Amino acid sequence: MTIFKNLWICLILISVNAIAQKTDKATFQVVPLGVKGGIDETNLSAYLLAPSNTTDFICLDAGTIHAGIEKAIENKVFKVSSETVLKKYIKGYFISHAHLDHVSGLIINSPADSSKTVYATKSCMEMMEKHYFNGQTWANFGDEGNGYQIKKYHFQTVNTLEETPISNTTMTVKAFSLSHVNPFESTAFLIKNKDAYVLYLGDTGADSIEKSNKLNLLWNEIAPLIKNGQLKGVFIEVSFPNEQPDTQLFGHLTPNHFLNELHNLSELTGKEGLKGFKIIITHMKPPTKNFAKIKSQLKKQNDLDVQFLFPEQGKRFEL
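Residues numbered from 1 in each chain as written. Predicted model: local features only at pLDDT ≥ 70, side-chain atom pairs only at ≥ 80, totals over all residues. Heavy atoms only, no water.

A few words now on the overall build of the protein. Looking only at helices and strands, the protein features nine helices and 14 strands. Projected onto its principal axes, the C-alpha coordinates of the protein cover approximately 80 × 45 × 35 Å. A burial count over the protein gives 52% of its 319 residues as buried. Accessible surface, the protein: about 14900 Å² in total, of which carbon and sulfur atoms supply 54%. Once the 33 positive and 32 negative side-chain charges of the protein are each reduced to a mean point, those two points are 7 Å apart. (Helix = DSSP H or I, 4+ residues; strand = E, 2+ residues; numbered from the N terminus. Buried < 20%, exposed > 50% of the residue type's maximum accessible area, 1.4 Å probe, protein only. Areas by Shrake-Rupley, 256 points an atom, 1.4 Å probe, with all protein chains shown as cover. Lys, Arg positive; Asp, Glu negative; His and termini not counted. Charge placed at Lys NZ, Arg CZ, Asp CG, Glu CD.)

Taken as a whole and assessed by the stated rule, the structure comprises nine salt bridges. Across the salt bridge formed by E83 and K87, the nearest N and O atoms sit 3.1 Å from each other. Of this pair, E83 and K87 both sit in helix α3 (residues 82–89), four residues apart, which is roughly one turn of the helix. Owing to a relative accessible area of 48%, E83 belongs among the partly exposed residues under this scheme. As a salt-bridge pair, E185 and K214 come within 3.1 Å of each other at their nearest N and O atoms. A residue pair is termed long-range when its members are at least 10 positions apart, and E185 in strand β9 (residues 185–193) and K214 in helix α7 (residues 214–227) qualify at 29 residues. With relative accessibility at 34%, the residue E185 sits in the partly exposed group. The partly exposed category is assigned to K214, whose relative accessible area is 21%. (Salt bridge = Lys/Arg side-chain N within 4 Å of Asp/Glu carboxyl O.)

This next bit is on the sheet that holds strand β2 (residues 46–51). The strand order β6-β5-β4-β3-β2-β1-β14 describes an open sheet built from seven strands, whose pairing is mixed. What marks the edges here is a single partner per strand, and that holds for β6 (153–157) and β14 (317–318). Most of the contacts of helix α5 (residues 122–131) go to strand β5 (residues 116–120), to which it runs at about 120 degrees, and overall it touches β5 and β6. (Pairing = 2+ DSSP bridges. Contact = heavy atoms within 4.5 Å. Axes fitted to C-alpha atoms, helices over the stretch in contact; angles between N-to-C directions.)

Within β5, five of the five residues are buried, which leaves the element mostly enclosed by the surrounding structure. Here strand β4 (residues 90–94) runs beside β5; their pairing, made up of three bridges, is parallel. Paired with F94 across the two strands is Y119, which belongs to β5. Inspection of the sheet shows β5 paired to β6 by five bridges, in the parallel sense. Across the sheet, the residue bridging to A120 is T157, located in β6.

Below, the discussion takes up the packing of α7 against helix α8 (residues 255–269). Between two packed helices, the angle of one axis relative to the other and the distance separating the axes together describe the packing. Between α7 and α8, whose axes approach to 9 Å, the crossing angle comes to 50 degrees. Taken together, the axes of α7 and α8 are oblique relative to one another. For the element pair α7 and α8, the recorded crossing hand is right-handed. Contact residues: L215, W219, N220, I222, A223, I226 and K227 in α7; E261, N264, L265, L268 and T269 in α8. In terms of residue class, the contact of α7 with α8 is built from seven nonpolar, three polar and two charged. (Parallel < 35°, antiparallel > 145°, perpendicular 65-115°, else oblique. Left-handed = near helix turned anticlockwise from the far one by under 90°. Nonpolar A, V, L, I, M, F, W, Y, C, P; charged D, E, K, R; others polar.)

Empty space within the second largest pocket amounts to approximately 150 Å³. Classifying every residue of the lining of the second largest pocket gives six nonpolar, one polar and three charged. (1 Å grid on protein atoms, 1.4 Å probe; cavity = no way out; pocket = protein on both sides within 12 Å on 5 of 7 lines; lining within 4 Å. Points joined across faces, edges and corners; volume = space filled by probe spheres on them.)

Bringing the pairing of strand β3 (residues 57–60) into the picture now. Covered by surrounding structure in β3 are F57 and C59 together with I58 and L60, the residues of both alternating faces. As defined by bridge partners, β2 adjoins β3 across three bridges and the pair is classed as antiparallel. For L48, the partnering residue across the bridge sits in β3 and is C59. Linking β2 back to β3 in an antiparallel pair, the connection comprises five residues, with N53 at a positive phi of about 65 degrees. Pairing of β3 with β4, which is carried by four bridges, proceeds in the parallel orientation. Its bridge partner lying in β4, F57 is registered against I90.

Negative phi values dominate among residues other than glycine, just as trans dominates among peptide bonds. Cis peptide bonds are those with omega within 30 degrees of zero, and the linkage from N182 to P183 qualifies with 15 degrees. In this structure, P287 follows P286 across a cis peptide bond, with omega equal to 15 degrees. Summarising the element assignment, P287 is placed in the loop between β12 (278–282) and α9 (289–300). Of note, the phi angle at K194 is positive, near 60 degrees, even though the residue is not glycine. Among the secondary structure elements, K194 is positioned in the loop between β9 and β10 (196–201). Residue H283 is not a glycine yet carries a positive backbone phi of 65 degrees. If you trace the backbone, H283 turns up in the loop between β12 and α9.

As structure tokens, then:
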């Protein structure tokens, strides 16, 4: 009888522990400074991410900075000036690729910014040094590249698959290559704080369209983190509705292609492993009618029962 009683107690403890893991307190906070792809220069991809209860933010891509900070202040997310957020709260920038809708905010705000680190892969950093911070197109605010080096920014090249400490924070990052109109590369950043992770993907096409295996390699990396409850969410783009022809995707995803990729991930995690998992949809492109269409198609095809989040500029949320 005692054996059965002890077994029963063990089963209860296991169940309680499993519930506790599912209801963990948030470990990251996110403030979107820009959420769209396309032509709205006041609302382009840029996401502030910090450990909860800190102001040690990093900026994942930097399409829009100032307008997004102002929107966040308007929404009472920040109770300090936009100058303080820019200069003191943002500890560094992570640039997934050098397309202007992902770097224009960084460039325009550089004269008013404080010293900090800009992180990018070698190919992305070379493009920024050659075409933007080159002393001609724009002053070279970095410590590498052409022209007079103002050395406000430290340009730090990150190697893929290598964990790198993030200056002035408790976080680390590991970069992964993505295909964005093969062979042009974009980047995914896996951010770690203690035992918790967040994954941010820059622009990417589906492996089937890009004739690549880069998303598959990424899914293999993160599947164990999902199964262990360590990965708090994934930021991924869905730029176009399903009506967009494959020949006009330009290295982006539709709901169909994204959900096909999600099913590939579920083969590694198990279908139940993705239930309730948070996926933050980024980079939806205008016209405005497409936003509702993309949301509707994602929800309708959500047979894995993941939790889709559609971030709004200047509105804080937690992971």
